[in-house]
Amino acid sequence: MKNIFDTTKIISKRPPARRILVAGGAGFLGSHLCERLVHEGNTVICVDNFSTGRMENLSDLLRFDTFSVIQHDIVDPLELPVDEIYNLACPASPPHYQADPIHTLKTSVIGSLHLLELARKHQARIFQASTSEVYGDPHVHPQPEAYWGNVNSFGPRSCYDEGKRSAETLFYDFHHQHGVDIRIVRIFNTYGPRMRADDGRVVSNFIVQALRGDDITVYGDGSQTRSFCYVDDLIEGFCRLMYNQPAIRTPVNLGNPGEFTVRELAQQIIRMTGSSSKIVHRPLPTDDPRQRRPDISAAKRDLDWTPGVALTEGLTSTIAYFEHQLSRADGEFVEAAQ
Ligand code: NAD
Ligand code: UDP
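Residues numbered from 1 in each chain as written. Chains lettered and ligands numbered in written order. Predicted model: local features only at pLDDT ≥ 70, side-chain atom pairs only at ≥ 80, totals over all residues. Heavy atoms only, no water.

A.B. asks: Account for the pattern of salt bridges, with residues named and values stated.
C.D. replies: In the structure shown here, the tally under the stated rule is 20 salt bridges. The salt bridge involving Arg-125 is made with Asp-181; its shortest N-O contact spans 2.9 Å. Taken together, the positions of Arg-125 in strand S5 (residues 125–131) and Asp-181 in the loop between helix H4 (158–178) and strand S6 (182–187) put the pair 56 residues apart, joining distant regions of the chain. The exposure class assigned to Asp-181 is buried, which follows from its relative accessible area of 18%. (Salt bridge = Lys/Arg side-chain N within 4 Å of Asp/Glu carboxyl O. Helix = DSSP H or I, 4+ residues; strand = E, 2+ residues; numbered from the N terminus. Buried < 20%, exposed > 50% of the residue type's maximum accessible area, 1.4 Å probe, protein only.)

A.B. asks: Mind laying out the packing of aromatic side chains, listing which residues take part and the relevant values?
C.D. replies: Within the structure shown, the criterion is met by seven aromatic pairs. A centroid spacing of 4.3 Å and a plane angle of 5 degrees characterise the contact between Tyr-97 and Tyr-160, whose relative ring orientation is stacked. On the criterion of sequence distance, the pair formed by Tyr-97 in helix H2 (residues 94–99) and Tyr-160 in helix H4 is long-range, its members being 63 residues apart. Both residues of the pair, Tyr-97 and Tyr-160, count as buried. Arranged with centres 6.1 Å apart and planes meeting at 35 degrees, the rings of Tyr-135 and Phe-188 form a pair that is tilted. (Phe/Tyr/Trp six-rings, centres within 6.5 Å; stacked < 30°, edge-to-face > 60°.)

A.B. asks: Describe the site of ligand 2, with residues and values.
C.D. replies: The full set close to ligand 2 counts 18 residues, and Thr-217, Tyr-219, Arg-226, Asp-288 and Arg-292 are the nearest of them. Here an oxygen atom of ligand 2 sits 2.9 Å away from a polar atom, N or O, in the side chain of Asn-189. Between ligand 2 and Asp-288, the relevant distance is 2.6 Å, taken from an oxygen atom to a side-chain nitrogen or oxygen of the residue. The fraction of the free accessible surface of ligand 2 (510 Å²) that becomes covered by protein chains is 96%. Taken together, the elements giving at least two residues each to the shell around ligand 2 come down to helix H5 (202–212) and strand S8 (216–219). A per-class count over the shell around ligand 2 returns seven nonpolar, five polar and six charged. (Near = heavy atom within 4 Å. Polar contact = N/O pair within 3.5 Å; in protein donor to acceptor, adjacent residues only side chain to side chain. Areas by Shrake-Rupley, 256 points an atom, 1.4 Å probe, with all protein chains shown as cover. Nonpolar A, V, L, I, M, F, W, Y, C, P; charged D, E, K, R; others polar.)

A.B. asks: Residue-level account of the site of ligand 1, with values.
C.D. replies: Close to ligand 1 lie 30 residues, the nearest being Asp-48, Thr-52, Tyr-160, Lys-164 and Thr-190. Within the contact set of ligand 1, an oxygen atom lies 2.8 Å away from a backbone nitrogen or oxygen of Leu-29. Contacts to ligand 1 include Tyr-160, whose side-chain N or O atom sits 2.6 Å from an oxygen atom. Considered on its own, ligand 1 offers 820 Å² of accessible surface; in the complex 97% of this is hidden by protein. Broken down by element, the residue count for the shell around ligand 1 peaks at three residues, all from S5. Here the shell around ligand 1 is built from residues that sort into 13 nonpolar, 13 polar and four charged.

A.B. asks: Describe helix H6 (residues 231–243), listing the residues and the values that go with them.
C.D. replies: Spanning 13 residues, H6 covers 19 Å between terminal C-alpha atoms, matching the ideal 18 Å at 1.5 Å per step. Among the 13 residues of H6, 12 are classified as buried, and the element is accordingly described as predominantly covered. Burial in H6 covers these residues: Val-231, Asp-233, Leu-234, Ile-235, Glu-236, Gly-237, Phe-238, Cys-239, Arg-240, Leu-241, Met-242 and Tyr-243. (Expected span 1.5 Å × (residues − 1).)

These figures capture arrangement, not role.
Set out below in structure tokens:
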């Protein structure tokens, strides 16, 4: 993908090479972040329990001696002297975070606590991957950072939503009580290569279904909306926030404000893949937000950040990725059967 950013306008100041821990670095977003940080000349340590992450996401990085991987669950304490910490550890797709909801909540609360204690001990800057789910099923549209949200504390999505909200609170408290240097992004639906085929989120589900010629499963009537950000745009936003001067220690929305209904997304993917798949309807999951679109005025103003990859462009490379993944998987299946 072409570089869409005008580097003369980048206002972030990159520090010299650093020793950086990326928790959740083997996942979809984490692996892209590790790649970026290693290529910038940093020493990167990926800490991951491999619940949804995969070693194959890191295969290109393993040849760098500045990159290492530790299999560890952040619900257990850890000790590593580092300059920076990025916390991306947490399953992100509803089926995965609901599979073991207690562990999901522990990951966001106890895991964040351990990483914040590590940051405090080593005076490390620490970044939290928060989420648009802190706004729940929003009554304010689009959602600015100042909106407090409409979240159910007692339902199947609560382990994720309330876990992420509690993590933000812990970040606030470690900054105010102990002076820890924090950064927080609220990520809106992001997609791209290295999502799992069985991830369960809408973009990967629809692409895999379309490529296999299976029915496209639209939950509810498909009129609910989401805004889809391409992974490269998001990672650029992470780095701008982490190194921006002056430091921004309040949550910042990152996402693409283009808003689509789920039905429109399904139709777009069917068109782009040339699939013969049919749309079928399945029950809308409990507490599924009706609409979501980020207000990114703060990121534009303070980070000079706007997403540059349009949905069709991002879907093109994501479809190509899944085509490759599925053809490889089919090859392995044929070989195993012979
Ligand atoms: P992902 O599931 O691909 O990645 C999560 C990674 O964290 C995986 O590698 C997983 O194995 C690891 N992990 C989970 N629990 C852990 C634990 N207890 N200890 C150590 N490692 C653990 O998901 P993703 O889309 O890459 O999301 C990364 C982060 O960004 C998550 O924190 C997620 O909540 C947040 N986020 C993502 C999106 C999105 O659209 N992708 C939106 C909002 C927030
Ligand atoms: N969705 C759907 N079919 C699927 C997967 C998801 O219609 O196969 C819908 C889901 O109900 C939600 C939207 O797509 O309204 C986005 O779902 P996703 O799980 O990707 O993210 P989130 O709900 O956390 O935004």
